[in-house]
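One letter stands for each residue in the lines below.
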Amino acid sequence: MLKGKKIILGITGSIAAYKAAYLLRLLVKEEAEVQVLITPAGKEFITPATLSALSNKPVLGTFFETNDGTWHSHVNLGLWADVMIIAPASANTIAKMATGICDNLLLTTYLSTKCPIFVAPAMDLDMFAHPATQKNISLLIERGCKIIEPSTGVLASGLHGKGRMEEPEQIVEILKDFFENKIPQKSLAGKRVMVTAGPTYENIDPVRFIGNYSSGKTGIAIAEELIKRGAKVDLIINSHLLSSREKELYFNTLGTARSEVISADDMYREALKIFPKVDAAIMTAAVADFKPAKYSQKKIKRNDKNLTIELSPNPDIAAKLGQIKKSNQILIGFALETHDEEVNAFKKLISKNLDFIVLNSPSTKGTGFMTDTNEITIIDKNNFKKKYPLKTKKEVASDIIDELEKLLKK
Ligand code: CTP
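Since this is a predicted model, take the numbers as computed values, not measurements.

Novice: Would you mind showing me how to read the packing of helix α1 (residues 17–29) against helix α9 (residues 168–179) here?
Specialist: Two quantities define a packed helix pair, namely the angle between the helix axes and the distance between the axes. The interhelical angle for the contact between α1 and α9, taken along N-to-C directions, is 45 degrees, at an axis separation of 9 Å. With respect to α9, the element α1 is oriented oblique. Both α1 and α9 take part in a crossing whose hand is right-handed. The segment α1 lies against α9, with Lys-19, Tyr-22, Leu-23, Leu-26 and Leu-27 engaging Pro-168, Glu-169, Ile-171, Val-172 and Leu-175. Split by residue class, the contact of α1 with α9 holds eight nonpolar, no polar and two charged.

Novice: Can you help me understand the pairing of strand β17 (residues 376–380) in this one?
Specialist: Residues in a regular strand point their side chains to alternate faces of the sheet. Within β17, four of the five residues are buried, which leaves it mostly tucked inside the rest of the structure. Direction of pairing for β17 relative to strand β18 (residues 385–387): antiparallel, over a ladder of three bridges. Along β18, the bridge assignment pairs Ile-378 with Lys-386. Hairpin remark: β17 followed by β18, antiparallel, with four residues in the connecting loop; positive phi at Asn-383, about 60 degrees.

Novice: I would appreciate a short explanation of the site of the ligand in the present structure.
Specialist: Lining the immediate surroundings of the ligand are 14 residues, of which Met-283, Ala-285, Phe-334, Lys-348 and Lys-352 lie closest. Between an oxygen atom of the ligand and a main-chain N or O atom of Met-283, the distance comes to 2.7 Å. For the ligand, whose unbound accessible area comes to 570 Å², protein coverage reaches 76%. Breaking the shell around the ligand down by element, the ones donating at least two residues are α13 (317–324) and β14 (330–336). It is β14 that provides the largest number of residues to the shell around the ligand, a total of four residues. In the shell around the ligand, the residues fall into nine nonpolar, one polar and four charged.

Novice: Would you mind showing me how to read the packing of helix α10 (residues 217–228) against helix α15 (residues 393–409) here?
Specialist: Relative orientation of the contacting elements α10 and α15 amounts to 55 degrees, with a least axis distance of 8 Å. Put simply, α10 runs oblique to α15. Between α10 and α15 the crossing geometry is right-handed. Facing Lys-217, Thr-218, Ala-221, Ile-222, Glu-224, Glu-225 and Leu-226 of α10, the residues of α15 in contact are Lys-393, Lys-394, Ala-397, Ser-398, Ile-400, Ile-401 and Leu-404. Its residues assigned to classes, the contact of α10 with α15 shows seven nonpolar, two polar and five charged.

Rules behind the numbers
- Residues numbered from 1 in each chain as written.
- Predicted model: local features only at pLDDT ≥ 70, side-chain atom pairs only at ≥ 80, totals over all residues.
- Heavy atoms only, no water.
- Axes fitted to C-alpha atoms, helices over the stretch in contact; angles between N-to-C directions.
- Helix = DSSP H or I, 4+ residues; strand = E, 2+ residues; numbered from the N terminus.
- Parallel < 35°, antiparallel > 145°, perpendicular 65-115°, else oblique.
- Left-handed = near helix turned anticlockwise from the far one by under 90°.
- Contact = heavy atoms within 4.5 Å.
- Nonpolar A, V, L, I, M, F, W, Y, C, P; charged D, E, K, R; others polar.
- Buried < 20%, exposed > 50% of the residue type's maximum accessible area, 1.4 Å probe, protein only.
- Pairing = 2+ DSSP bridges.
- Near = heavy atom within 4 Å.
- Polar contact = N/O pair within 3.5 Å; in protein donor to acceptor, adjacent residues only side chain to side chain.
- Areas by Shrake-Rupley, 256 points an atom, 1.4 Å probe, with all protein chains shown as cover.

Set out below in structure tokens:
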């Protein structure tokens, strides 16, 4: 319930400012006490007169009243509020919040308040998708701001929507959930998890490689789920099969450390560097088991004879991590099997010293590489099997992280 709650509503220069009037009306109807703060650009989009009539309070925009010199203390405002919501939040205000610029009352209040802060971005798609904006939003999330986005209607995770401001009714619901403690806690806050993802490419010559059809999407879905739950993620990925648009969407928004790799050797080196620093590692990568024994510096020319390429084994990254794993670290592997699936998966779990293994079989429709769905079985060290129905990769990621969380809590 919002009755009696003290809410600062910050309004910035965005066309969506008209929605703020409606939001304000809904909050007042819920009997919340609302103090509107508006930026100079915000006033270009909606008049303070409208807002003050709706909130029954003067709208504050400047540090001083020009007529009588009254000073509005941002510190007192920050102390007064139970919650601050900035809706609409323009790209400019988000950038200033991210960098600590405080050249108006709304921003000084943001910097000084200790209350929870909600931010509902509103801008056009290109401004929103720009790496600078995405980075700024990630910074705000890292500092505990709750970003409200229309794509999901709930609090955002790593991947940010399209820039349209969430509808006022939804925002009111989110605030109600917040005050009723229904918003999920960051269950993995303080944890650091490494994720390997994508295929590896083993170069034959400057233009050819041996690879596989893995896209990396499972690993990305897992990284996003981890971030949503407050974990810090180190993503080691070969993302060559993703389009540049997909990369822009996934990576600018992950707010995470990412290492781009190509071959199994690269991935091995990175993994060894990062693994000692993490609480858990999730090995989703489809690592090539073999590489050409000899790399040809020059493009191999065609002739009429058979060509034999000798292959030598790649390092087994998961197995190596299994050897050096400390007792408080969790190691999770994946298995893609075509026959005797469960038996083979369990053998892999034992040989690589994994804590559990996620089995997905390419024989089932809609599973495995190049799809957005998957049907998994999780097998643990006691050979206990948990089968899940066909789900989206996002849902699968959530099931896997639920299991990881149980182990991290032990
Ligand atoms: N894996 C790894 N490094 C490798 C091979 C596999 O880290 N060189 C990891 C994968 O990321 C996965 C698990 O080990 O989590 C099992 O991978 P998979 O390819 O199914 O198993 P392999 O050990 O390669 O066995 P095989 O290909 O013979 O089935």
